[in-house]
Amino acid sequence: MNKPNSPGSFPGGSDSASTGVPITKVTMPALAEMKRQAKPISALTAYDYATSRLVDEAGIDLILVGDSLAMVVLGHENTLAVTVDEMLHHTRAVRRAVRRALVVADMPFGSYHGPVAEGVANAVRFIKEAGAEAVKIEGPRTELVRALTEAEIPVVGHLGLTPQSIHRMGGYRVQGRSASAALQLKAEAHALADAGAGLLVLEGVPCEVAAAITAELPIPTIGIGAGPDCDGQILVFHDLLGLTFAAPAKFVRRYADAGALIRSAVEHYREDVERRAFPTDDESYHLAEAAHQALDAAQKAEAREKA
Ligand code: KIV
């Protein structure tokens, strides 16, 4: 464990708010080391200051500002509509909250699908303007991964069910189900690692395929709907907390029903307002006695003048 003020701890050596244990920053090399030591990597999406702060304080290793925010935060039907500027806005909020976890920004659809130089320029914005420590891109884009790596931008690859390919896939479908598709996925995973990707998200692939890729690859795999044998797991924050409005996918485990909690708290507040039970005297500010008397006198004088 690093001592406060030692390299790897935050300047000032502040303790984690909840545990009092010194905070050791999670880095890309630290995640690679976790794979070598067979320590599972915990990852979760987050999109704003308050929830990122809670996720970070809960000790999650990697926070992804996922383009899933298009759906769970902005209410779009799929992830395609979210823009670079919107993703930057959310990444900045997350950056302000997170002290320990690695912050990864998802590059949105269209921001890296053209010329490689354009993809690099957009990725630079996430690092420079929003404070991300890595970017995630979907698909086997080895030329771009190589260019980003040369530009000192750590890359998280994403293979399998890649939501930005919804129209090509014809919907959100599990990928790599046949032997040839599984072999293709394995080859793409190796190509991304060879090109310099530091982590690989495997989404919506049979667990046998994810296990084989994880065993062969030198870089950590982070699974979502990819079974228990990946080096780490990631979920969408809103899925984990029950803050979504459709039936969850098979791979989602709901750890709490925050939707019910929020609805009930807000209903309770509305009822209190409607029956004038909120705010109470204790929840109100008061004038000091002298100011109160002076105000009374002034109001009475005003009333006399008007009469
Ligand atoms: O956008 C996202 O939330 C993701 C994760 C589910 C991997 O890409």
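Quantities reported herein were computed from a predicted structural model and do not represent experimental measurements.

1. Some remarks on the packing of aromatic side chains
Two aromatic rings, taken as a pair, are described by how far apart their centres are and by the angle between their planes.
Reasoning step 1: The full count for this structure, using the stated rule, is one aromatic pair.
Reasoning step 2: Judged by centre distance (5.8 Å) and plane angle (70°), the ring pair of Tyr269 and Phe278 falls under edge-to-face.
Reasoning step 3: Taking the relative accessible area as the measure of exposure, Tyr269 reaches 48% and is therefore partly exposed.

2. Brief notes about the site of the ligand
Reasoning step 1: The immediate surroundings of the ligand are formed by Thr45, Leu64, Gly66, Asp67, Ser68, Asp106, Lys136, His158, Val201, Ile224 and Val236.
Reasoning step 2: In this structure, Ser68 approaches the ligand through a side-chain N or O atom, which is 2.5 Å from an oxygen atom.
Reasoning step 3: Lys136 places a side-chain nitrogen or oxygen 3.0 Å from an oxygen atom of the ligand.
Reasoning step 4: Burial of the ligand by the protein chains amounts to 96% of its free accessible area of 260 Å².
Reasoning step 5: Mapping the ligand onto the cavity grids shows that it belongs to the largest pocket.
Reasoning step 6: Across the shell around the ligand, the residue classes break down as four nonpolar, four polar and three charged.

3. Details of helix H9 (residues 207–216)
Reasoning step 1: By the burial criterion, the buried members of H9 are Val209, Ala210, Ile213 and Thr214. End-on, the buried residues of H9 take up no more than an arc of 130°, which puts them together on one face. Summarising the geometry of H9, the exposed residues directed more than 90 degrees from the buried face are Glu208 and Ala215.
Reasoning step 2: Buried residues in H9 make contact with helix H1 (28–36), helix H8 (179–195), strand E6 (199–203) and strand E7 (221–224).

4. Overview of the layout of surface pockets
Reasoning step 1: What the largest pocket holds in volume is close to 1400 Å³.
Reasoning step 2: Counting only elements with at least two residues in the lining of the largest pocket, the list comes to helix H3 (69–72), strand E4 (134–138), E6, E7, strand E8 (232–235) and helix H10 (237–240).
Reasoning step 3: It is E8 that contributes the most residues to the lining of the largest pocket, three residues altogether.
Reasoning step 4: Of the residues in the lining of the largest pocket, the class split is 27 nonpolar, 11 polar and nine charged.

5. Looking at the pattern of salt bridges
Reasoning step 1: Enumeration according to the criterion identifies 13 salt bridges in this entry.
Reasoning step 2: We note a salt bridge from Asp231 to Lys35, for which the minimum N-O separation is 2.7 Å. A residue pair is termed long-range when its members are at least 10 positions apart, and Asp231 in the loop between E7 and E8 and Lys35 in helix H1 qualify at 196 residues.
Reasoning step 3: Using a relative accessible area of 16% as the deciding quantity, one classes Lys35 as buried.
Reasoning step 4: The shortest N-O distance in the salt bridge between Asp272 and Arg275 comes to 2.8 Å.
Reasoning step 5: Among the residues examined, Asp272 registers a relative accessible area of 16% and is labelled buried.
Reasoning step 6: Take Arg275: its relative accessible area is 58%, and that puts it in the exposed class.
Reasoning step 7: Through salt bridges with shared partners, one network takes in Asp85, Arg92, Arg125 and Glu129.

Conventions and cut-offs
- Residues numbered from 1 in each chain as written.
- Predicted model: local features only at pLDDT ≥ 70, side-chain atom pairs only at ≥ 80, totals over all residues.
- Heavy atoms only, no water.
- Phe/Tyr/Trp six-rings, centres within 6.5 Å; stacked < 30°, edge-to-face > 60°.
- Buried < 20%, exposed > 50% of the residue type's maximum accessible area, 1.4 Å probe, protein only.
- Near = heavy atom within 4 Å.
- Polar contact = N/O pair within 3.5 Å; in protein donor to acceptor, adjacent residues only side chain to side chain.
- Areas by Shrake-Rupley, 256 points an atom, 1.4 Å probe, with all protein chains shown as cover.
- 1 Å grid on protein atoms, 1.4 Å probe; cavity = no way out; pocket = protein on both sides within 12 Å on 5 of 7 lines; lining within 4 Å.
- Sits in = over half its atoms within 2 Å of the grid points.
- Nonpolar A, V, L, I, M, F, W, Y, C, P; charged D, E, K, R; others polar.
- Helix = DSSP H or I, 4+ residues; strand = E, 2+ residues; numbered from the N terminus.
- Arc of directions from axis to C-beta.
- Contact = heavy atoms within 4.5 Å.
- Points joined across faces, edges and corners; volume = space filled by probe spheres on them.
- Salt bridge = Lys/Arg side-chain N within 4 Å of Asp/Glu carboxyl O.

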